[in-house]
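Chain by chain, the residues:
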Amino acid sequence: MKAVSVEEAVAMIPAGASVMVGGFMGVGTPERVLDEMVRQQKAGLTVISNDAAFVGKGVGKLFDATLVAKLTATHIGLNPTAQRQMLANQINVDLVPQGTFVERIRAGGCGLGGVLTPTGVGTLVAEGKRQIEVDGKPFLLETAIRAQFALVHAFLADYLGNLTYALTARNFNPIMAMAADTVIVTAEHIVPVGVIAPDHVMTPAPLVDYLIANG
């Protein structure tokens, strides 16, 4: 794990990169990183996030700046800018049921090829997907999701990169930290090693590549 400035961290992300962003409606999202991505105009992004957040908040900032080319999410209903861009074919949107979304990312983090789920069988969700029968019941094969970068926000990080999260801000952050080639973290507080008790570590240090310095 290496400590870097937010400018250095974002400079590592090329235009057109695939980026997972933690958060649920902007809660638990690394806002400082997104602000810097807008400042550096990282265009053509493939964004993987639970939702499109709101105009001016969370990943919504990336849509405001027209930096997104493709979005994989569970819904975009709270962001009219993202909706307009989808309807105008300015972005490609892949909507995934939320349980399926999180399990596909978990599979990516665990080195699995995908998951079998009954969700979507017999609906439009099943189109073009392989169907497998298990004990007489049909399941869809949903492939694993990984990204080049995961942008994660924690409540506490120690000097090694161990992370813990606060309440619902935990949401998708821990599993996204498992499913990307490079993990970039912001934290509310950076503390000495030992402040986070071992059994309170939710994301272990070996998963974290870069921790953005506070201040």
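Numbers given to residues run from 1 along each chain, matching the order in which its sequence is written. Per-residue local features of the predicted model are confined to residues with pLDDT of at least 70, and side-chain atom pairs are confined, for both listing and counting, to 80 or more; whole-chain, interface and lining totals are unaffected and use all residues. Excluded from the side-chain calculation are hydrogens and water; included are all heavy atoms of the structure.

Going by what an unreviewed UniProt entry lists, the protein is known as 3-oxoacid CoA-transferase subunit A and is assigned to Bradyrhizobium guangzhouense.

Caption draft 1: Broad picture of the overall build of the protein. A tally of helices and strands in the protein yields six helices and 12 strands. Compactness check: the protein gives a C-alpha radius of gyration of 17 Å against a globular reference of 17 Å for 215 residues, within 12% of the reference. Burial classes: relative accessible area under 20% of the type maximum marks a residue as buried, over 50% as exposed, and values in between as partly exposed (1.4 Å probe, protein chains only). Per-residue burial for the protein yields a buried fraction of 47% across its 215 residues. Excluding contacts between residues fewer than 6 apart, the proportion of contacts in the protein whose partners are at least 24 apart in sequence is 70%. Here the Shrake-Rupley method, with its probe set to 1.4 Å, supplies the accessible areas, and only the displayed protein chains count as covering residues. Per element, the accessible surface of the protein, about 9,900 Å² overall, is 56% carbon and sulfur. For the protein, the distance from the average position of its 15 positive side-chain charges to the average position of its 18 negative side-chain charges is 3 Å. Under the DSSP-based scheme used, a helix requires at least four consecutive residues in state H or I and a strand at least two consecutive residues in state E, with every element numbered from the N terminus. C-alpha atoms define the radius of gyration in this analysis, and the globule rule sets the expected value at 2.2 Å times the number of residues to the power 0.38. Contacts: residue pairs with any heavy atoms within 4.5 Å of one another. Within this scheme the basic residues Lys and Arg register as positive and the acidic residues Asp and Glu register as negative, but His and the chain ends are omitted. Charge placement uses NZ in Lys and CZ in Arg. For Asp and Glu, CG and CD serve respectively.

Caption draft 2: Layout of helix 2 (residues 31-39). Those residues of helix 2 lying buried are V33, L34, E36 and M37. Buried residues of helix 2, viewed axially, fall in a sector of 160°; they line one side. As used here, the arc belongs to the directions running from the helix axis to the C-beta atoms.

Caption draft 3: Looking closely at the environment of G56. Examined against the element boundaries, G56 turns out to sit in the loop between strand 3 (45-48) and helix 3 (60-64). Linking G56 and G26, residues 30 residues apart in sequence, is a C-alpha distance of 9.9 Å.

Caption draft 4: View of the pattern of salt bridges. By convention in these notes, a salt bridge is any Lys or Arg side-chain nitrogen within 4 Å of a carboxyl oxygen on Asp or Glu. A full pass over the atoms with the stated rule returns seven salt bridges. Note that E103 is salt-bridged to R106, the shortest N-O span being 3.2 Å. Here E103 and its partner R106 are both found in helix 5 (residues 98-109), three residues apart, which amounts to about one turn of the helix. Residue class for R106 comes out partly exposed when judged on its relative accessible area of 32%. Here R146 makes a salt bridge to D181, at a shortest N to O gap of 3.3 Å. A residue pair is termed long-range when its members are at least 10 positions apart, and R146 in the loop between strand 8 (137-143) and strand 9 (147-158) and D181 in strand 11 (residues 180-191) qualify at 35 residues. Sharing partners across several salt bridges, the network here consists of E31, D35 and K61.

Caption draft 5: Seen up close, the packing of aromatic side chains. Note on aromatic contacts: the rings of Phe and Tyr and the six-membered ring of Trp form a pair at centre separations within 6.5 Å, being stacked when their planes are under 30 degrees apart, edge-to-face when over 60 apart, and tilted otherwise. If you walk through the whole model with that rule in mind, you get one aromatic pair. Judged by centre distance (5.7 Å) and plane angle (75°), the ring pair of F101 and F172 falls under edge-to-face. Residue F101 is located in helix 5, and its partner F172 is located in the loop between strand 10 (163-164) and helix 6 (173-176); the two are separated by 71 residues in the primary sequence. With a relative accessible area of 6%, F172 lands in the buried category.

Caption draft 6: Region of the structure containing the pairing of strand 7 (residues 131-134). Here a strand pair is declared whenever DSSP counts at least two bridges between the two strands. Looking at chain direction, strand 7 and strand 8 are connected through four bridges and run antiparallel. Directly across from I132, in strand 8, lies its bridge partner F139. Between strand 7 and strand 8, which follow one another and run antiparallel, lie two residues, and D135 among them has a positive phi close to 50°.

Caption draft 7: Quick look at the side chain of D51. Within the fold, D51 resides in the loop between strand 3 and helix 3. One buried charged side chain, D51, makes no salt bridge at all; its nearest oppositely charged neighbour is K57, positioned 9.5 Å away.

Caption draft 8: Spotlight on a nonpolar patch on the surface. Surface patches are drawn from residues lacking salt bridges whose relative accessible area is over 30%; two like charges belong together within 9 Å, two nonpolar side chains (Val, Leu, Ile, Met, Phe, Trp, Tyr) within 5 Å. On the surface, Y159, L160 and V193 cluster together to form a nonpolar patch covering roughly 310 Å² of accessible area. Residue classification places L160 among the partly exposed residues on the basis of a relative accessible area of 46%.

Caption draft 9: Representation of the sheet that holds strand 8 in the model. An order of 6-8-7 is seen for the three strands of this open sheet, with the pairing classed as antiparallel. The sheet is open, and its two edges are formed by strand 6 (114-117) and strand 7, each paired on a single side. Across the sheet, the axes of successive neighbouring strands diverge by a mean angle of 35°, strand direction being ignored. Summarising the sheet, strand 6 and strand 8 pair through four bridges and their orientation is antiparallel. Counterpart to T117 in the pairing with strand 8 is L140. Helix axes are fitted only over the stretch in contact, all axes being lines through C-alpha atoms; the angle between N-to-C directions runs from 0 to 180 degrees. Most of the contacts of helix 5 go to strand 6, to which it runs at about 145°, and overall it touches strand 6 and strand 8.

Caption draft 10: Highlighting the side chain of T29. Along the polypeptide, T29 turns up in the loop between strand 2 (18-21) and helix 2. Any N or O atom pair separated by 3.5 Å or less is treated as a polar contact, with the protein-specific requirement of one donor-capable and one acceptor-capable atom, and with residues adjacent in sequence counted only for side-chain atom pairs. Polar contacts involving the side chain of T29 include one to the main-chain carbonyl oxygen of G22, which spans 2.9 Å. Beyond its immediate sequence surroundings of up to four residues, T29 is in contact with V21, G22, G23, L34, G58 and H153.

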